Amino acid sequence: MKLSVAAALSLAASEASAHYIFQQVGAGTSVNPVWKYIRKHTNYNSPVTDLTSKDLVCNVGASAEGVETLSVAAGSQVTFKTDTAVYHQGPTSVYLSKADGSLSSYDGSGGWFKIKDWGATFPGGEWTLSDTYTFTIPSCIPSGDYLLRIQQIGIHNPWPAGVPQFYLSCAHISVTGGGSASPATVSIPGAFKETDPGYTVNIYSNFNNYTVPGPEVFTCSGSGSGSGSGSGSTTPPSQPTTSTTLPTSTIPTSPSGCTVAKYGQCGGIGYSGCTSCASGSTCKIGNDYYSQCL
Ligand SMILES: *[C@@H]1O[C@H](CO)[C@@H](O)[C@H](O)[C@H]1NC(C)=O
Ligand SMILES: [Cu+2]
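Just so it is clear, the model here is predicted, and its values are computed rather than measured.

Chemist: What is the right way to read the packing of aromatic side chains from this model?
Modeler: Geometrically, a pair of aromatic rings is defined through the distance of the ring centres and the angle of the planes. Inspection of every chain in the model, using the stated rule, returns 15 aromatic pairs. Centroid distance Phe113 to Tyr146: 6.5 Å. Interplanar angle 85°. Geometry classified as edge-to-face. Here Phe113, found in strand 5 (residues 113-118), pairs with Tyr146, found in strand 9 (residues 144-154); they are 33 residues apart in sequence, far enough to count as distant. Pair check on accessibility: Phe113 and Tyr146 agree, each one buried. Between Phe207 and Tyr210, the aromatic rings sit 6.1 Å apart at their centres with planes inclined by 70°, giving edge-to-face as the arrangement. Tyr210 sits in the buried class, given a relative accessible area of 2%. Ring pairs connect the aromatic residues Phe22, Phe80, Trp118, Tyr133 and Phe135, which therefore count as one cluster. Between the NZ or CZ atom of Lys98 and the centre of the ring of Tyr146, over which it lies, the distance is 5.8 Å. Lys116 extends its terminal NZ or CZ atom over the ring of Trp118, reaching a point 5.1 Å from the ring centre.

Chemist: Can you walk me through the environment of Ser180 in this structure?
Modeler: Along the chain, Ser180 turns up in the loop between strand 10 (165-176) and helix 3 (197-200). In this structure, the C-alpha to C-alpha distance between Ser180 and Ser139, residues 41 residues apart in sequence, is 9.6 Å.

Chemist: I'm lost on the pattern of salt bridges in this one. Help?
Modeler: Pairs may arise between side chains of opposite charge once their charged atoms sit close together. Scanning all chains against the criterion turns up two salt bridges. The closest approach of N and O atoms between Lys81 and Asp131, which form a salt bridge, is 3.4 Å. In this pair, Lys81 is assigned in strand 3 (residues 77-82) and Asp131 in the loop between strand 7 (126-127) and strand 8 (132-136), connecting sequence segments 50 residues apart. You can call Lys81 partly exposed: its relative accessible area is 25%. Since its relative accessible area comes to 27%, Asp131 is described here as partly exposed.

Chemist: Is there a simple way to think about the pairing of strand 2 (residues 70-73) in this case?
Modeler: Looking along a regular strand, one sees side chains alternate from face to face of the sheet. Residues Leu70 and Val72 of strand 2 are buried on one face, while the alternating residues Ser71 and Ala73, pointing to the opposite face, are not. In this structure, strand 2 lies alongside strand 10, joined through four bridges in parallel fashion. Along strand 10, the bridge assignment pairs Leu70 with Ile173.

Chemist: Which parts of the structure should I look at to understand the sheet that holds strand 8?
Modeler: What holds strands together in a sheet is hydrogen bonding between their backbones, with the strands either parallel or antiparallel. Ordered by their spatial adjacency, three strands build an open sheet running 1-3-8, and the pairing between neighbours is antiparallel. Looking at the sheet topology across the chains shown, the edges are occupied by strand 1 (22-27) and strand 8. Here the strands of the sheet are splayed against their neighbours by 20° on average, with no regard to which way each runs. Of the pairings in the sheet, the one linking strand 3 to strand 8 comprises five bridges and is antiparallel in character. Following the sheet pairing, Phe80 is matched in strand 8 by Tyr133.

Definitions and cut-offs
- Residues numbered from 1 in each chain as written.
- Chains lettered and ligands numbered in written order.
- Predicted model: local features only at pLDDT ≥ 70, side-chain atom pairs only at ≥ 80, totals over all residues.
- Heavy atoms only, no water.
- Phe/Tyr/Trp six-rings, centres within 6.5 Å; stacked < 30°, edge-to-face > 60°.
- Helix = DSSP H or I, 4+ residues; strand = E, 2+ residues; numbered from the N terminus.
- Buried < 20%, exposed > 50% of the residue type's maximum accessible area, 1.4 Å probe, protein only.
- Lys NZ or Arg CZ within 6 Å of the ring centre and 35° of its normal.
- Salt bridge = Lys/Arg side-chain N within 4 Å of Asp/Glu carboxyl O.
- Pairing = 2+ DSSP bridges.
- Axes fitted to C-alpha atoms, helices over the stretch in contact; angles between N-to-C directions.

Right, here's the structure in full:
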């Protein structure tokens, strides 16, 4: 059998892709069948990279159809699970947004607040890379229906040569036995900016502290409600300076000043060429081994 180049390429793409999808969720530390309580999206295991896109809310083509609502007691634990363990370095966060009507018709355009960050620990700049993320629903938030959104940002290809990658999904939950707190909220898209230090940071160079993008984490004891002074940083900036130097071959760098013509390769494992696309095109991930200016 003869395959056309295009068919062979797309076969290779589907086989080589091994990113991760947040596709299971559950109360406590167990999880339920895939997509039972999570909006199924059409992005397979690809990331969202446009900071202004609606796709940043619940992922590309996310559908509420047939999604059931998971009942969760305020103050109790919830767990998300991926198909393949998260492996791109970067932070993971969890957000909530209260539905202003029924969850099945709520598009996430209301306010969001953050309830959990897994940032970097120092020295070393270690990340929590796992297939399982367990966190606690704050005990003081009002009862009711919420979109529960988990997001991991792959920052392994430093900006601006590379673009941080958002892997994310939204679950439907109903919080019971809550309180009367009113967390300060942000909009998604809107909460993440190309000027956030946690977005622009180069983790291969003098990486000594890290602030997770987005608002501060809301807690019932005060922070995140507009008056707290904490931040997403998991380490004070005054940590001793111990930078880890990686072998040059693993540092994605772009020969300065070069640009890749439209349709040319601009990234992928083992690729060491130019990563900036000619104006009018942007670097899109095809799979781990091939990104193209489109
Ligand atoms: C590290 O801390 C400094 C000083 O507070 C801050 O300016 C910088 O943005 C932080 N870097 C990251 C990546 O969060
Ligand atoms: Cu990748």
